[in-house]
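# Observations on chain architecture
Each chain is listed here by its residues.
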Amino acid sequence: MGPETLSVIKIKEILVVTLPSDPDDSTVAALQEKVLVEMERHQAKGVVLDVSAVETLDSFFARTVTETAQMIGVMGGRTIVVGMRPAVAITTTQIGLALGSIETALTVDRALDRVMLASSTTLESFQ
Amino acid sequence: MANGKQASVTTPVPRVPTGEAELLQLLIDNVTDYAITMLDPKGIVITWSSGGERLKGWKADEIIGQHFSRFYPPEDVAKGKTDHELRVAAQNGRLEDEGWRVRKDGSRFWANVVLTCLRTNNGEIRGFGKITRDLSERREAEEKIRKQTQEILEMAAVPVVQVWEGIVLVPLIGTLDSQRTQQLMERVLNRVTETNSPVALLDITGVPSIDTQTAQHLIETTAAVRLLGAEVILTGVRPAIAQTLVHLGIDLSSVTTRSSLSAGLRMALEALKLRVVPAPVGA
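Source: prediction; values computed, not measured.

## A few points about the overall build of chain A
What chain A contains, in helices and strands, is four helices and five strands. Within chain A, buried positions represent 35% of all 127 residues.

Listed below in structure tokens is the structure:
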């Protein structure tokens, strides 16, 4: 599984990133790079990280995701992790991986709604 | 039982008993719940009874003279179980065992076996008495009951119900031990994903007490649910529970809590941007 399996799709002003089922360290490292570049290029409002296919999550992954979310935050966007599997969530909490502060959503739909709602209210307040 | 030949009579023909040995043989043949067999000091079968034939399928002439390892599954024989049993029986006077035994046709049954060492007055081993009882039915019945109980317990232990579109409720009753909270975590997480519910209400009204470990489990469950993209609201925190939590120094600040289920439900509806309003008069 190489970095080329990462898919980044732009929907309106949001980037949707889908991760493969068993991302190795180079894929995870490439994720940060690729997302930040795309973020700048599209002036995106947020990044939706779809992890619904991911079956194993390690500390490197957790740290990179948290870091990336902070970087996106600095660039003025928000990050939402979507669709984590119950088994992955259980392991993550039980071995105490630090993902605590990250924003999450059940589905991509809900995440998109949330980001779009937030950006549309900003616009309305100007009218 | 004076000798093997006499004791190996297999058909219980009702006769007028004449001697003690014959009476004894009648007993051995007519007892239906047990198979009573004699082994020589090396474990060779020297007597057989109709009880044995009914239970294990061999006729007297087929089994007398054979080693009693014929009654054991191959894996037990390979482990040297038969020799071990004779040794223990000789040492302690008796040995009781419950386990799988094999019939003539190869099928297995669950048996209770008692081996008794038979010694002469001067301590010399004459052989072993072996009483075998078929416990298959009892075992099956026990197994069935155990399985049903387990299923009922699992179902009742952690019911997860969807009370509204987007809200699941977990009414917890009874003490929460580690095994149950592990189940709780798995079921809540799976249901939240299946029903796509952003809010899970965990009601602990029916939980008599909470200790540090239970609280830790609840905190973990909350964190795991949050990773899925949903929220947990802990409801039914009674005064006694609130006191215990504070006295034990348990920090529940990472968990949203409410004293009653209705307060929790109201909060859940608000989170979903729903509001319950009275129906207009006359409608």
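Moving on from the model shown.
## Examining the overall build of chain B
The number of helices and strands found in chain B is eleven helices and ten strands. Looking at chain B residue by residue over its 283 residues, the buried ones come to 30%. When contacts within chain B are restricted to residue pairs at least 6 apart in sequence, long-range pairs at least 24 apart make up 59% of them.

## Digging into the pairing of strand S4 (residues 78–82) of chain A
Residue and element names in this part refer to chain A. Most of S4 is tucked away: four of the five residues are buried. Pairing of strand S3 (residues 46–50) with S4, which is carried by five bridges, proceeds in the parallel orientation. Residue pairing across strands places Val47 opposite Thr79, the latter belonging to S4. A crossover connection joins S3 to the parallel S4 through helix H2 (residues 59–74); in handedness this β-α-β unit is right-handed. Here S4 pairs with strand S5 (residues 103–105) via three bridges, running parallel. The residue of S5 that forms the bridge with Val82 is Ala105.

## Considering the interface of chain B and chain A
Listed as interface residues are 15 residues of chain B and, on the opposing side, 15 residues of chain A. Of all the elements, helix H9 (residues 212–228) of chain B adds the most residues to the side of chain B that touches chain A, at six residues. Considered class by class, the residues forming the side of chain B that touches chain A number eight nonpolar, four polar and three charged.

## Topic: the packing of helix H3 (residues 86–94) of chain A against helix H8 (residues 178–195) of chain B
With their axes 9 Å apart at the nearest point, H3 of chain A and H8 of chain B run at an angle of 135 degrees to one another. On the basis of the axis angle, H3 of chain A is oblique to H8 of chain B. Classified by chirality, the crossing of H8 of chain B by H3 of chain A is right-handed. For the pair H3 of chain A and H8 of chain B, the contacting residues are Pro86, Ala89 and Ile90 of chain A in the first and Met185, Glu186, Leu189, Asn190 and Thr193 of chain B in the second. Considering only residue class, the contact of H3 of chain A with H8 of chain B consists of five nonpolar, two polar and one charged.

## Focus on the sheet that holds strand S1 (residues 34–39) of chain B
All names here are of chain B. The strand order across the open sheet built from five strands is S2-S1-S5-S4-S3, with neighbouring strands paired in antiparallel fashion. The sheet is open, and its two edges are formed by strand S2 (45–47) and strand S3 (94–102), each paired on a single side. Strand-to-strand twist in this sheet, taken as the mean axis angle between neighbours without regard to direction, amounts to 35 degrees. Bridge count between S1 and strand S5 (residues 125–134): six bridges; the pairing is antiparallel. Note that in S5 the partner of Ile36 across the bridge is Ile131. Strands in contact with helix H6 (residues 81–92) are S3, strand S4 (108–119) and S5; relative to S3, the strand with the most contacts, it is inclined by about 160 degrees.

Conventions we followed
- Residues numbered from 1 in each chain as written.
- Chains lettered and ligands numbered in written order.
- Predicted model: local features only at pLDDT ≥ 70, side-chain atom pairs only at ≥ 80, totals over all residues.
- Helix = DSSP H or I, 4+ residues; strand = E, 2+ residues; numbered from the N terminus.
- Buried ≥ 20, exposed ≤ 12 C-beta atoms within 10 Å, placed from the backbone.
- Contact = placed C-beta atoms within 7 Å.
- Pairing = 2+ DSSP bridges.
- Right-handed = clockwise from strand over helix to strand, strands pointing away.
- Nonpolar A, V, L, I, M, F, W, Y, C, P; charged D, E, K, R; others polar.
- Axes fitted to C-alpha atoms, helices over the stretch in contact; angles between N-to-C directions.
- Parallel < 35°, antiparallel > 145°, perpendicular 65-115°, else oblique.
- Left-handed = near helix turned anticlockwise from the far one by under 90°.

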